[in-house]
Amino acid sequence: MSQGHFAIATRVFLTPTQRQRLDELVRNHDIAIDELLTELLASFLDHLPEGQAETMPAAEDASDILAAELQQRRSELRRLRARAMAHGAAAPAWLTRYIAELEQEIARLEAQAPS
């Protein structure tokens, strides 16, 4: 890693179509995904006006954000489960893995949610 840089472990949630487009982009431009995402994020942050980075949201805002994230993930999970059921035993392995990862992510978010 270059001096002054650090790594952030994260997940990126994409639709199957977006994932395919990303794979094509990476292959066509012969660039690693982490390099591409680093360039995109750095460019985005470099173009933010000074002082525009938001401060930490208020507790009620954070709760609303968490609730919205949970709703989005649950909706995606329902859609993916329906797709897997439609495929039956022929469902692709990546779909099954993605569903399992999404279930884990939902459980993690639910654990963060206030009681």
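Quick note: structure is the one above.
To start, this report covers the structure provided alongside it. Owing to the predicted nature of the structure, the values given are computational and were not obtained by experimental measurement.

**Looking at the packing of aromatic side chains**
The full count for this structure, using the stated rule, is zero aromatic pairs. Over the face of the ring belonging to Phe 13 we find Arg 73, whose NZ or CZ atom lies 4.6 Å from the ring centre.

**Looking at the pattern of salt bridges**
Tallied over the full model, the rule gives six salt bridges. Among the ionic pairs, Arg 73 bridges to Glu 69, the shortest N-O distance being 4.0 Å. Highlighted residues: Arg 73 and Glu 69, both in helix α3 (residues 59-87), separated by four residues, approximately one helical turn. According to the relative accessible area criterion, Arg 73 is buried, its value standing at 11%. The class for Glu 69 is partly exposed, based on a relative accessible area of 28%. Across the pair Arg 74 and Glu 110 runs a salt bridge, and its minimum N-O distance is 2.6 Å.

**Here we look at unusual backbone geometry**
In this model, Asp 30 sits at a positive phi of 50°, which is unusual for a non-glycine residue. In this structure, Asp 30 sits in the loop between α1 (16-29) and α2 (33-46).

**Some points on α1**
The periodicity of an α-helix, 3.6 residues per turn, causes residues three or four positions apart to be oriented the same way. Under the 1.5 Å per step criterion, the end-to-end length of α1 is 20 Å for 14 residues, consistent within 8% with the ideal 20 Å. Directly beyond the C-terminal end of α1, a positive phi value near 50° is found at Asp 30.

**Quick word on a nonpolar patch on the surface**
A contiguous nonpolar surface patch, about 320 Å² in accessible area, is contributed by Val 12, Ile 33, Leu 37 and Leu 40. Relative to the helices and strands, Leu 37 resides in helix α2.

**Thoughts on the environment of Ala 62**
One can find Ala 62 in helix α3. In this structure, the C-alpha to C-alpha distance between Ala 62 and Ala 113, residues 51 residues apart in sequence, is 9.6 Å.

Here is what the cut-offs are and how they apply
Residues numbered from 1 in each chain as written. Predicted model: local features only at pLDDT ≥ 70, side-chain atom pairs only at ≥ 80, totals over all residues. Heavy atoms only, no water. Phe/Tyr/Trp six-rings, centres within 6.5 Å; stacked < 30°, edge-to-face > 60°. Lys NZ or Arg CZ within 6 Å of the ring centre and 35° of its normal. Salt bridge = Lys/Arg side-chain N within 4 Å of Asp/Glu carboxyl O. Helix = DSSP H or I, 4+ residues; strand = E, 2+ residues; numbered from the N terminus. Buried < 20%, exposed > 50% of the residue type's maximum accessible area, 1.4 Å probe, protein only. Expected span 1.5 Å × (residues − 1). Patch = residues over 30% accessible without salt bridge, like charges linked within 9 Å, V, L, I, M, F, W, Y side chains within 5 Å. Areas by Shrake-Rupley, 256 points an atom, 1.4 Å probe, with all protein chains shown as cover.

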